[in-house]
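Read off the chains here:
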Amino acid sequence: MQNAATDILRSNRFRANVAALGLIALGAWLLSHWIITGQFRMLIVAAVIVVGALVFLAILQNWRRGIYLFLVWLVFEDFIRKFSGNSTGMFFVKDIIAGMMFISMFAAWRRHRLPVFHPKFAKWLLLFVGLGIIQMFNPNTPSYFYGPLGFKLYFFYVPMMFAGYAYLRDEKDLQLFVKLNMWIALAVAGLGIAQSIVGPDFLNPSQLAPELQGLGKLVRESPLTHVSVARPTSVFVSDGRFAQFLILMYLLGFGAVGYLLLKKRAKPRLLLAAIGVTALATIMTGSRSAFIALMVNTLVLVAASSWGITASARRSLQVGRTVWRVTFAGGIAILLAALIFPSQTSARWAFYTETLSPASSASEFQYRAWQYPLDNVLSVFDQPNWIFGNGIGTASLGIQYVSAAIEEQRPSFGAESGYGQLILELGIIGPILWLLWTCVLFWESWKIVKSLRHTEFFPFSFALFWFLVYLLGIFTFYGLVAYQNYLMNVYAWLFVGMLFRLPGLVGNQRAISAPHANAQS
């Protein structure tokens, strides 16, 4: 009987070897045929298929690889897209990678190898998800094809919070995540600075796709001195997405610096370099919202660090070291740029001071900060179907692509304010449920942050918490475009999972405060 089993095994191996040799021979014949006949497009397609298959197998074997691949692709997808004529196929690559990662995570969960996250805000989030599902079939929608778009923008990346929670097994995972993102930030921010100096033709093809032309080569002008300010996009297709990326990375870097400086023998040189370059790139964007966010976020994080870390004179010194190093890194980067490229930096300062300073006759600060978004919210009550909504996705980011695909004119209604958009899409109950689940999330997140007070994880935890408040709370008044931007969306849900996982990393860590200080003080 044993001999029979051995014979069967050998027979199966022989067949597998024969099949593999046959596939290799077929592949070699096809490659040679395409090369001889000059079918280079088929070679590219074949290469993409092979690489995709290898990526798929790598992610199935270990879903953690999917996080690294996904984040790198997420940042650089736009760069490929704008050089490939804004190919619509590129929109789905990140979703395929994310889907493979979710499948791999599910398989790990079935084998009891995945830590399970039980968020306390889940039932409130599910209420909002339920409303989104109902609104996919809203009879007021111009087309039911907008429904899947809206559902994807709002909810497809929600499972990333389970990935963020399961990813952090120990501090090595946390430090690896930070290091990967800071290298990405250095590269992307550095390229953006170079583009702001060289001009918009750098990092852009000679002929952008028509729908990207206004996004990729936008130039603003200061109202009084009439100085031109080119808005860099770096590797992205729009200046707005680049500015949002810089806000995200600055918060992540600031929180990570505070965490590392509280650890023994930690040398956050990479993080300080990334923060300095990111701060300079933020100024060079010409984006007023990003410039204000840079200043506000710095003040908030400094104040939070003083409250959350300081428990003695030594802790006060550590807070001071963090603030000093971050300020020094950003100041040196800005000073060098001002000395080497005075005309480019002075143009940005002129634009900011003339449009934001209360002393300027052309200041738009008060109007843009309050009146304009408020008018946008109120304008929805003069538009159709605001009581029950027009259906999810009908006023969302990317509706122009759906309209083009179904060969229909895009909906005429819309609002820049996030709350206005929620009303138009989901009805009057939309912003109520949004506020409900986000406020519960903020409260539960704050309890986690407070529990980490006087520990080395506090600066990082507060940075994650503040990013969620900024994106889902404050910025929603001005628009949902940041949340619906896949980049900010993915990181937000990853940060949710990571934040709730941080208390588990404390473990046997020695608190950095005095022994009598507890987490709830």
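Scroll up to find the structure this text is about.
Reading the values: the criteria
Residues numbered from 1 in each chain as written. Predicted model: local features only at pLDDT ≥ 70, side-chain atom pairs only at ≥ 80, totals over all residues. Heavy atoms only, no water. Core = buried A, V, L, I, M, F, W, Y, C linked by side-chain atoms within 4.5 Å. Buried < 20%, exposed > 50% of the residue type's maximum accessible area, 1.4 Å probe, protein only. Contact = heavy atoms within 4.5 Å. Patch = residues over 30% accessible without salt bridge, like charges linked within 9 Å, V, L, I, M, F, W, Y side chains within 5 Å. Areas by Shrake-Rupley, 256 points an atom, 1.4 Å probe, with all protein chains shown as cover. Salt bridge = Lys/Arg side-chain N within 4 Å of Asp/Glu carboxyl O. Helix = DSSP H or I, 4+ residues; strand = E, 2+ residues; numbered from the N terminus. Axes fitted to C-alpha atoms, helices over the stretch in contact; angles between N-to-C directions. Parallel < 35°, antiparallel > 145°, perpendicular 65-115°, else oblique. Left-handed = near helix turned anticlockwise from the far one by under 90°.

1. What about the nonpolar core?
Consideration 1: Residues Trp 63, Phe 121, Met 160, Phe 245, Trp 434 and Trp 493 are the most contacted members of the largest nonpolar core, which totals 136 residues.
Consideration 2: Once residues lying within four places of it in the same chain are set aside, the contact partners of Met 160 are Phe 70, Ala 98, Met 101, Phe 102, Val 490, Trp 493 and Leu 494.

2. Concerning a nonpolar patch on the surface
Consideration 1: A cluster of nonpolar side chains, contributed by Trp 324, Phe 328, Ile 332, Leu 335, Leu 336, Leu 339, Ile 340 and Phe 341, occupies part of the molecular surface with about 830 Å² of accessible area.
Consideration 2: Looking at the secondary structure, you find Leu 336 in helix H13 (residues 313-340).
Consideration 3: In this structure Leu 336 comes out as partly exposed when scored by relative accessible area, which is 45%.

3. Here we look at the environment of Arg 65
Consideration 1: Structurally, Arg 65 is set in helix H3 (residues 63-83).
Consideration 2: Judged by its relative accessible area of 36%, Arg 65 is partly exposed.
Consideration 3: C-alpha of Arg 65 to C-alpha of Met 101: the two residues are 36 residues apart in sequence and 8.5 Å apart in space.

4. Considering the side chain of Asp 239
Consideration 1: Its place among the elements puts Asp 239 in helix H10 (residues 239-261).
Consideration 2: In this structure Asp 239 touches Leu 215, Leu 218, Arg 231, Pro 232 and Thr 233, once residues within four positions along its chain are discounted.

5. Observations concerning the packing of H3 against helix H8 (residues 171-198)
Consideration 1: Two elements in contact, H3 and H8, have axes separated by 11 Å at closest approach and are oriented at 15 degrees. Classified by the angle their axes make, H3 and H8 are roughly parallel. At the point where H3 passes H8, the crossing takes the right-handed sense. Listed contacts from H8 to Arg 64, Tyr 68, Leu 71, Val 72, Val 75 and Phe 76 of H3 are Asp 173, Leu 176, Phe 177, Leu 180, Asn 181, Ile 184 and Val 188.

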